[in-house]
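Working through the structure, step by step
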Amino acid sequence: MARPTYELEYEQMLLSRHGLVHHKGGRPENGTLERSAYILLSRIRVQGPMSIGELSDAFGLDASTLNRQTAAAMRAGLVERIPDPEGGMARKFRITDKGARVLDEERDHIVGSLDRVMTDWVDEDIAAFTTYLRRFNMDIERLGGRPWPRP
């Protein structure tokens, strides 16, 4: 008999292919964000302004990758560079009003998609699913040493 984690792997693979969550080739001017921009903006919104070094530590990505992502977000007007509010040497990235608006619109789109998928689910089942998914994510974060702040 196969271990339950084999079934979980398969279901996770299927979930990632559905494209329910993010649009392919999203563009902020069209009100959609690419996955990397959505995650970047979400992290900065929850944590506050962050430097390239802080983003690198948070995401486990090299600085050159984050420089490309933040440069694209700046060109789109989603983030801006500011002096460190705490007086540090590094400049930090802060979400702009446009970035917050586009992030909210994308999140609303995702929630609407989830509402359509889970239309026949009772609130208690959605809450239980969320609890297990949060636990799963937090265990991944614990193993990777990169906890994600939650609002």
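Presented here is an overview of the structure given in this document. Fair warning: this is a prediction, and the values are worked out from it, not measured in the lab. (Residues numbered from 1 in each chain as written. Predicted model: local features only at pLDDT ≥ 70, side-chain atom pairs only at ≥ 80, totals over all residues. Heavy atoms only, no water.)

1. Observations concerning the overall build of the chain
Secondary structure assignment for the chain yields 6 helices and 2 strands. Over its C-alpha atoms, taken along the principal directions, the chain stretches across nearly 55 × 35 × 25 Å. For the chain, buried positions account for 28% of its 151 residues. For the chain, the share of sequence-separated contacts (at least 6 apart) that also reach a separation of at least 24 residues comes to 50%. When the accessible surface of the chain is split by element, carbon and sulfur atoms take 55% of a total near 10500 Å². Computed over 22 positive and 23 negative side-chain charges, the inter-centroid distance for the chain is 6 Å. (Helix = DSSP H or I, 4+ residues; strand = E, 2+ residues; numbered from the N terminus. Buried < 20%, exposed > 50% of the residue type's maximum accessible area, 1.4 Å probe, protein only. Contact = heavy atoms within 4.5 Å. Areas by Shrake-Rupley, 256 points an atom, 1.4 Å probe, with all protein chains shown as cover. Lys, Arg positive; Asp, Glu negative; His and termini not counted. Charge placed at Lys NZ, Arg CZ, Asp CG, Glu CD.)

2. A look at the nonpolar core
In this structure, Leu33, Leu41, Ile44, Leu55 and Leu78 are the most contacted members of the largest nonpolar core, which totals 21 residues. Elements that contribute at least two residues to this core include exactly helix H2 (35-47), helix H3 (52-59), helix H4 (63-75), strand E2 (91-95) and helix H5 (97-117). By residue number, the principal contributor to this core is H2, which donates 5 residues. (Core = buried A, V, L, I, M, F, W, Y, C linked by side-chain atoms within 4.5 Å.)

3. Section: the pattern of salt bridges
Under the criterion given, the structure shown has 7 salt bridges. The salt bridge partner of Glu141 is Arg150, with a shortest N-O separation of 3.0 Å. Classification of Glu141 as buried rests on a relative accessible area of 14%. Bridged by salt links that share partners, the residues Glu54, Asp84 and Lys92 form one connected network. (Salt bridge = Lys/Arg side-chain N within 4 Å of Asp/Glu carboxyl O.)

4. Re the side chain of Lys92
Tracing the chain through its elements places Lys92 in strand E2. At a separation of 3.2 Å, a polar atom in the side chain of Lys92 contacts the side chain of Glu54. (Polar contact = N/O pair within 3.5 Å; in protein donor to acceptor, adjacent residues only side chain to side chain.)

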